[in-house]
Amino acid sequence: MEMYTDFAYVYDTMMGDIPYEEWAEYTKSILELNEIKPGAHVAELGCGTGSFTMEMCKLGYKMTGIDLSSDMLSVAASKFEDTDYADVVFSEQDMTDFSLPEKQDAIVSVCDSLNYVI
């Protein structure tokens, strides 16, 4: 994902108006309708720089972030340094063909991640 090398470092500035906290609350409400409560394992496809991942962690979910861009994942990992969410797993994989080390209770994808699936 060479195209994201530089973009990863300005992505959050460009996405500064995205209400990640509200999206996480909405996602939580959908998960809870399906009896997936905080403490559950949730994978995020196309996690980018981890902003949504962070909000889901704040709500109590055990998150795994998957993205094809190592630079995006590097930015994401740096956000989690010195936080209470050090157990977040970030994995560089294609969202159309991925594997996870353990069973997840849910898989989510937000923003425009699905636009990159051909």
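The model shown is predicted, which means the values in this text are computed figures rather than measured ones.

K.L.:
Teacher, can you tell me more about the overall build of the protein here?
P.N.:
The number of helices and strands found in the protein is five helices and four strands. Beginning at the N terminus, the succession of helices and strands in the protein can be written as α-α-α-β-α-β-α-β-β. A burial count over the protein gives 42% of its 118 residues as buried. Across the protein, the fraction of contacts at a sequence separation of at least 24, relative to all contacts at a separation of at least 6, is 68%.

K.L.:
Help me understand the nonpolar core in this model?
P.N.:
Side chains that are nonpolar tend, in soluble globular proteins, to be buried together. Counting residues in each nonpolar core, the largest one holds 18 residues, and the members touching the most others are Leu31, Ile36, Val42, Phe52, Met56, Tyr61 and Met63. Among the secondary structure elements, those contributing two or more residues to this core are helix 3 (20–33), helix 4 (51–58) and strand 4 (106–108). If we skip the residues at most four places from it in the chain, Val42 touches Leu31, Tyr61, Lys62, Met63, Thr64, Gln104, Ala106 and Val108.

K.L.:
Is there a simple way to think about helix 3 in this case?
P.N.:
Each α-helix winds once per 3.6 residues, and so residues spaced three or four apart point in a common direction. An ideal rise of 1.5 Å per residue puts 20 Å on 14 residues; helix 3 measures up with 20 Å between its terminal C-alpha atoms. Of the positions making up helix 3, those classed as buried are Tyr20, Ala24, Thr27 and Leu31. Within helix 3, the buried residues cover an arc of 65 degrees as seen down the axis, which keeps them to one side. Opposite the buried face of helix 3, by more than 90 degrees, sit the exposed residues Glu22, Tyr26 and Leu33. One or two residues past the end of helix 3 sits Glu35, with phi positive at roughly 60 degrees.

K.L.:
Explanation requested: the pattern of salt bridges in the structure shown.
P.N.:
Two side chains of opposite charge can pair, provided their charged atoms sit close to one another. This model, assessed by the stated rule, comprises one salt bridge. Glu55 is the salt-bridge partner of Lys58, the closest N and O atoms lying 3.3 Å from each other. A residue pair is termed a helical-turn pair when its members lie 3 or 4 positions apart in one helix, as Lys58 and Glu55 do in helix 4 at three residues.

K.L.:
Would you take a moment to explain the layout of surface pockets for this structure?
P.N.:
Remark: the empty space left among the atoms is shown by a probe the size of a water molecule rolled over them. If you add up the space inside the second largest pocket, you get close to 150 Å³. Considering the residues around the second largest pocket, the lining is formed by 13 residues, among which His41, Lys62, Met63, Asp87 and Val88 are closest to the centre. If one sorts the elements of the lining of the second largest pocket by residue count, strand 2 (residues 62–67) sits on top with three residues. Taken together, the residues that form the lining of the second largest pocket break down as seven nonpolar, three polar and three charged.

K.L.:
Explain the side chain of Ser91 here, please?
P.N.:
Here Ser91 is to be found in strand 3 (residues 89–92). The class of Ser91 is buried, set by a relative accessible area of 17%.

K.L.:
What am I meant to see in the sheet that holds strand 3 here?
P.N.:
Sheet strands line up and pair through hydrogen bonds in the backbone, either parallel or antiparallel. Judged by pairing direction, the sheet is parallel, and its four strands sit side by side in the order 3-2-1-4 without closing on themselves. Only two strands of the sheet have a single partner each, and these edge strands are strand 3 and strand 4. Ignoring which end each strand starts from, the neighbouring axes of this sheet average 20 degrees apart. Of the strand pairs in this sheet, strand 1 (residues 41–45) and strand 4 are connected by three bridges, and their pairing is parallel. Residue pairing in the sheet places Glu44 in a bridge with Val108 of strand 4.

Rules used throughout
Residues numbered from 1 in each chain as written. Predicted model: local features only at pLDDT ≥ 70, side-chain atom pairs only at ≥ 80, totals over all residues. Heavy atoms only, no water. Helix = DSSP H or I, 4+ residues; strand = E, 2+ residues; numbered from the N terminus. Buried < 20%, exposed > 50% of the residue type's maximum accessible area, 1.4 Å probe, protein only. Contact = heavy atoms within 4.5 Å. Core = buried A, V, L, I, M, F, W, Y, C linked by side-chain atoms within 4.5 Å. Expected span 1.5 Å × (residues − 1). Arc of directions from axis to C-beta. Salt bridge = Lys/Arg side-chain N within 4 Å of Asp/Glu carboxyl O. 1 Å grid on protein atoms, 1.4 Å probe; cavity = no way out; pocket = protein on both sides within 12 Å on 5 of 7 lines; lining within 4 Å. Points joined across faces, edges and corners; volume = space filled by probe spheres on them. Nonpolar A, V, L, I, M, F, W, Y, C, P; charged D, E, K, R; others polar. Pairing = 2+ DSSP bridges. Axes fitted to C-alpha atoms, helices over the stretch in contact; angles between N-to-C directions.

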